[in-house]
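The residues making up each chain are set out below.
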Amino acid sequence: FITEEFKESVSEVLQEALMGTETANFEFPLFTKSGERKAILLNATTRRGPDGEVTGVIGVGQDITQIREITSEHERIAD
């Protein structure tokens, strides 16, 4: 589930892609059904038809939770 705090910004990313402005590496938290927090990296790419008109959006979300945890641990060790 996307929290209320991020619903508008995630929607804006997708709306911008529908208008032709692509977004790469938009990060936001997502909560699973069991309440577990996941860090998600969203990329929204505009899909265009042969005439160049926008026909849709391809949205890809990656779970980067483990990467964030490893990075945090490395930073903690380095300090």
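Residues numbered from 1 in each chain as written. Predicted model: local features only at pLDDT ≥ 70, side-chain atom pairs only at ≥ 80, totals over all residues. Heavy atoms only, no water.

## What about helix 1 (residues 4-18)?
Put simply, the rule reads: Numbered from the N terminus, helices here are DSSP runs of H or I no shorter than four residues, and strands are runs of E no shorter than two. Given the number of residues in a helix, its expected span is that number minus one, multiplied by 1.5 Å. For every residue, the accessible area (1.4 Å probe, protein chains only) is compared with the maximum for its type, and the residue is labelled buried under 20%, exposed over 50%, or partly exposed between those bounds. Note: the arc covers the axis-to-C-beta directions of the helix. Here, two residues are considered to be in contact whenever any of their heavy atoms come within 4.5 Å of each other.
Taking 1.5 Å of rise per residue, the 15 residues of helix 1 would be expected to cover 21 Å, and the 22 Å separating its terminal C-alpha atoms lies within 8% of that figure. Residues V10, V13 and A17 constitute the buried set of helix 1. Seen from one end, helix 1 has its buried residues packed into an arc of 50°, which puts them on one side. In helix 1, the exposed residues that point more than 90 degrees away from the buried face are E4 and E8. As for helix 1, its buried residues are in contact with strand 1 (23-31), strand 2 (37-48) and strand 3 (54-63). Directly after helix 1, the chain includes G20, whose backbone phi takes a positive value near 105°.

## Some thoughts on the sheet that holds strand 2
How we decide: Here, a strand pair is defined by DSSP locating no fewer than two bridges between the strands. Axes here mean lines fitted to C-alpha atoms, for a helix over just the part in contact, with angles spanning 0 to 180 degrees between N-to-C directions.
In spatial order, the strands read 1-2-3; together these three strands make up an open sheet with antiparallel pairing. Looking along the sheet, the strands with just one partner apiece sit at the ends: strand 1 and strand 3. Ignoring which end each strand starts from, the neighbouring axes of this sheet average 30° apart. Seen against the sheet, helix 1 touches strand 1, strand 2 and strand 3 and runs at an angle of roughly 150° to strand 1. In this fold helix 2 (residues 65-78) packs onto strand 1, strand 2 and strand 3, with an angle of close to 125° to the strand it touches most, strand 2.

## So, the side chain of T46
Applicable threshold: Residues adjacent in sequence count toward polar contacts only when both atoms are side-chain atoms; beyond that, a polar contact is any pair of N or O atoms within 3.5 Å, and within protein one must be able to donate a hydrogen and the other to accept it.
You can see T46 is positioned in strand 2. The class of T46 is buried, set by a relative accessible area of 9%. Among the polar contacts made by the side chain of T46, one reaches the main-chain carbonyl oxygen of A17 at a distance of 2.6 Å. Residue contacts for T46: discarding those within four places in its chain leaves A17, G20, T21, E22, V54 and G56.

## Examining unusual backbone geometry
One non-glycine residue, N25, adopts positive backbone phi at about 65°. Position of N25 relative to the elements: it lies in strand 1.

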